[in-house]
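# Architecture and fold: a report
What follows is each chain in one-letter form.
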Amino acid sequence: RAKEGVVYKAKRLPVHKGVAAWNAILPSRAAHGALDEKVTADFCIIGAGFAGLSAARRLTQLDPSARVVVLDAGTIGEGASGRNSGFMIDLPHDLTSDDYAGSGETSEQALIALNRRAIAFAREAVEEYDIDRNFFDPAGKVNAAASSKGDAANQQYTRHLSSLGERFEWLDQQAMRELTGSDYFVSGVYTPGTVMLQPAGYIRGLAGGVSAGARIFENTPALGFKRQGKGWDVETPEGSVSAGAVILANNGHLESFGFKANRLMHVFLFAAMTQALNAREGESLKGAPRWGVTPSDPMGTTVRRIDAGQGGDRIVVRSCAEFRPDMVATDRGMARARRVLRRKFDARFPKLAGIEMEHIWAGHLCLSKNAVSVTGRLDDGLYAACCQNGLGTARGTLTGIAAAEVALGQQSDITRFFAGQDEPQKLPPAPISSIGANVYLRFKEHKARFE
């Protein structure tokens, strides 16, 4: 138990490079104000993304009388929750892993069941809060291959799905062309369980619904917190929160407060979104108005097409990785991503080659070497819902649910899953970790350059 007066100070605050396009393409909204006074709460949640807002929703479900305060360092939808690809995936999909789940410690059936619990939780929120259904589209996704190697990986994946009793549909090159309007892909595996989010739209809607039972403050970074009696006092620039319990739902910035030092890997992925296609451009592309493909090699390129209901007829490409222990993407990384994403887009859509990329951005991922999260109790009245391992939409939702349940003394399959995970493994010392990780990422990107 932390001693009276112990202080955890934030060493750094989130820094974002590029515009969070998913948020930028939506209409403006009334923001939640910044905290400018001293308030008291039963629970203070730091972070208003998938984990933090899911934790707030779960707390108010289990205890409607609970006083819940949620703090976000920036604007909701501008952080990692608006900088992902918007795939809420039910199936384990690391095709480079022997068991497709990235870890052999938990059965794939159990992981699938948990991911579907996260999707069901989100679906219920969409219905309860009347979130725009365009922002939560249960359309499924395609695992796409662009080479013989990728095609072979997809065929192996279908055999594994069959062994699990999971539904899928094999798409040949013609079917992929009809779906995407592109001749680039040679095959695909369609699985129906993925939800295609407009991630900023969903998270904004979730915040709006949660705010009926919790107080949300934007542009209110937690500068630190200290033990005060049986609770914690959270300091912000213009105010403070005196809370019985604190839930850290700030993913990699858990380390900013001194937790799990040298055990968390901070990686940025980069993405680009086109300007809205005009009628001529859209007609030249053909294909379906909405679709999403993930690569047969996880270091390949993710591609989505969205429509007017999600922010305009646009195409999103996401690729390029940069390991940054300081949690800040570099200008050099942004410039490289601009070149690489331009090349990858033009290869897939030659009829649209040269179309303006209206937005390019970096998104922060937090991973651990052994692919475990940091979720549950850190100290008396102090909990974490962090380290999503690149699965922020589904895994973030699950960590938020688990942290809320543990904070209220509840147990479930979700809490038991995270309680059974090991400690994140230590990383090599700097600068070895940075040099080694970035060399490794470049090597893996090169091997997956066609996917």
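As shown above, the structure is provided for reference.
Below: a short report on this structure. (Residues numbered from 1 in each chain as written. Predicted model: local features only at pLDDT ≥ 70, side-chain atom pairs only at ≥ 80, totals over all residues. Heavy atoms only, no water.)

## A word on the sheet that holds strand S18 (residues 357-367)
By way of backbone hydrogen bonds, the strands of a sheet pair with one another, either parallel or antiparallel. Applied cut-off: The rule for pairing is simple: two strands pair if DSSP sees at least two bridges between them. Helix numbers and strand numbers start at the N terminus; a helix is a DSSP run of H or I with at least 4 residues, a strand a run of E with at least 2. Axis angles are defined between N-to-C directions and span 0 to 180 degrees, where every axis is a line fitted to C-alpha atoms and, for a helix, only to the segment in contact. Every residue pair with non-hydrogen atoms within 4.5 Å of one another is taken to be in contact.
The eight strands are arranged S7-S8-S6-S15-S16-S17-S14-S18 in an open sheet whose pairing can be described as mixed. Single-partner strands in this sheet number two, and they are strand S7 (169-171) and S18. Across the sheet, the mean angle from the axis of one strand to that of its neighbour is 25°, orientation sign disregarded. In this sheet, strand S17 (residues 314-323) lies alongside strand S16 (residues 302-306) in antiparallel orientation, the contact comprising five bridges. Looking across to S17, one finds that Thr 302 is bridged to Arg 318. Sheet strands touched by helix H4 (residues 148-164): strand S6 (141-145), S7 and strand S8 (187-191). Its angle to S8, the strand with the most contacts, is close to 30°.

## As for the pattern of salt bridges
To keep it simple, the criterion reads: A carboxyl oxygen of Asp or Glu within 4 Å of a side-chain nitrogen of Lys or Arg is what we treat as a salt bridge. The rule is simple: take the accessible area with a 1.4 Å probe, protein chains only, and divide by the maximum for that residue type; under 20% is buried, over 50% is exposed, in between is partly exposed.
Applying the stated criterion to the full structure yields 22 salt bridges. Residue Arg 215 pairs with Glu 37 through a salt bridge whose shortest N-O separation is 3.5 Å. Remark: Glu 37 occurs in the loop between helix H1 (21-24) and strand S2 (38-46) and Arg 215 occurs in strand S10 (residues 215-217); sequence separation between them is 178 residues. Arg 215 gets classed as partly exposed once you look at its relative accessible area, which sits at 41%. The salt bridge partner of Arg 377 is Asp 380, with a shortest N-O separation of 2.4 Å.

## Quick notes on the sheet that holds strand S4 (residues 87-88)
Taken in spatial order, the three strands make up an open sheet running S4-S9-S5, and their pairing is antiparallel. Each edge of the sheet is formed by a strand with only one pairing partner; in this case those strands are S4 and strand S5 (136-137).

## Observations concerning helix H2 (residues 50-62)
Here is the rule we go by: Expected span, for any helix, means 1.5 Å times one less than how many residues it has.
Taking 1.5 Å as the rise per residue, H2 with 13 residues should run 18 Å; its terminal C-alpha atoms sit 18 Å apart, in good agreement. Most of H2 is tucked away, with ten of its 13 residues classed as buried. Within H2, burial applies to Phe 50, Ala 51, Gly 52, Leu 53, Ser 54, Ala 55, Ala 56, Arg 57, Leu 59 and Thr 60.

## Things to note about the side chain of Asp 307
Along the chain, Asp 307 falls in the loop between S16 and S17. In this structure Asp 307 touches Pro 289, Arg 290, Gly 312 and Asp 313, once residues within four positions along its chain are discounted.

## Some points on the layout of surface pockets
Rolling a probe over the atoms, with the probe sized like a water molecule, indicates the empty space that remains. Going by this rule: Here a cavity denotes grid points, spaced 1 Å and computed from the protein atoms alone, that fit a 1.4 Å probe unable to get out, and a pocket denotes an open set having protein on both sides within 12 Å along at least 5 of 7 lines; residues with an atom within 4 Å of a point are the lining. Grid points are joined across faces, edges and corners, and a volume is the space filled by probe spheres set on the points. In this classification, the charged set is Asp, Glu, Lys and Arg, the nonpolar set is Ala, Val, Leu, Ile, Met, Phe, Trp, Tyr, Cys and Pro, and all remaining amino acids, among them Gly, are polar.
In this structure, the second largest pocket spans a volume of roughly 300 Å³. In terms of lining residues, the second largest pocket is bounded by 19 residues, among which Thr 375, Gly 376, Arg 377, Phe 418 and Ala 419 are the most central. The leading source of residues in the lining of the second largest pocket is strand S19 (residues 374-379), at five residues. For the lining of the second largest pocket, a count of residues per class yields seven nonpolar, seven polar and five charged.

## As for a positive patch on the surface
Convention followed: A patch consists of residues whose relative accessible area exceeds 30% and which take part in no salt bridge; residues with like charges are grouped when within 9 Å of each other, and nonpolar side chains (Val, Leu, Ile, Met, Phe, Trp, Tyr) when within 5 Å. Only the protein chains shown count as cover for residues, with accessible areas throughout obtained via the Shrake-Rupley method and a probe of 1.4 Å. We treat Lys and Arg as the positive residues and Asp and Glu as the negative residues; His and chain ends play no part in the count. To locate a charge, take NZ of a lysine, CZ of an arginine, CG of an aspartate or CD of a glutamate.
Judged by side-chain charge, Arg 332, Arg 339, Arg 343 and Arg 442 come together as a positively charged surface patch. The dominant element in the positive patch, judged by the number of residues it contributes, is helix H8 (residues 331-348), at three residues. Positionally, Arg 332 belongs in helix H8. The exposed category is assigned to Arg 332, whose relative accessible area is 73%.

## Thoughts on the pairing of strand S13 (residues 240-248)
With seven of nine residues buried, S13 lies mostly within the body of the structure. Summarising the sheet, S2 and S13 pair through eight bridges and their orientation is parallel. Across the sheet, Phe 43 pairs through a bridge with Ala 245, a residue of S13. As defined by bridge partners, strand S12 (residues 231-235) adjoins S13 across four bridges and the pair is classed as antiparallel. Of the residues in S13, the one forming a bridge with Glu 235 is Ser 240. Linking S12 back to S13 in an antiparallel pair, the connection comprises four residues. For S13 and strand S20 (residues 382-386), the ladder comprises three bridges, and the chain directions are parallel.

## Describing helix H9 (residues 394-407)
Compared with the 20 Å implied by 1.5 Å per residue over 14 residues, the 20 Å span of H9 between its first and last C-alpha is a close match. In terms of burial, H9 is a largely internal element, 13 of the 14 residues being buried. Positioned one or two residues after H9, Gly 409 has a phi angle of 75°, which is positive.

## Let's talk about the environment of Gln 410
Within the secondary structure, Gln 410 sits in the loop between H9 and helix H10 (413-419). Considered as a pair, Gln 410 and Gly 224 are 186 residues apart in the sequence and their alpha carbons are 27 Å apart. Among all residues touching Gln 410, those that are not within four sequence positions of it are Leu 62, Glu 405 and Thr 415.

## Some remarks on empty space enclosed by the protein
Within this structure, the stated rule accounts for two cavities of 30 Å³ or more. A volume near 40 Å³ is recorded for the largest cavity. Asp 137, Ala 139, Met 196, Arg 290, Trp 291, Gly 292, Arg 304, Arg 305 and Gln 310 together form the lining of the largest cavity. Of all the elements in the fold, those that place two or more residues in the lining of the largest cavity are strand S15 (291-295) and S16. Of the residues assigned to the lining of the largest cavity, the class counts are three nonpolar, two polar and four charged. Volume-wise, the second largest cavity comes out at about 30 Å³. Lining of the second largest cavity is provided by Phe 270, Cys 320, Ala 321, Glu 322, Gly 333, Arg 336, Ala 337 and Arg 442. For the lining of the second largest cavity, the secondary-structure elements that each account for two or more residues are S17 and H8. Counted by class, the lining of the second largest cavity contains four nonpolar, one polar and three charged residues.

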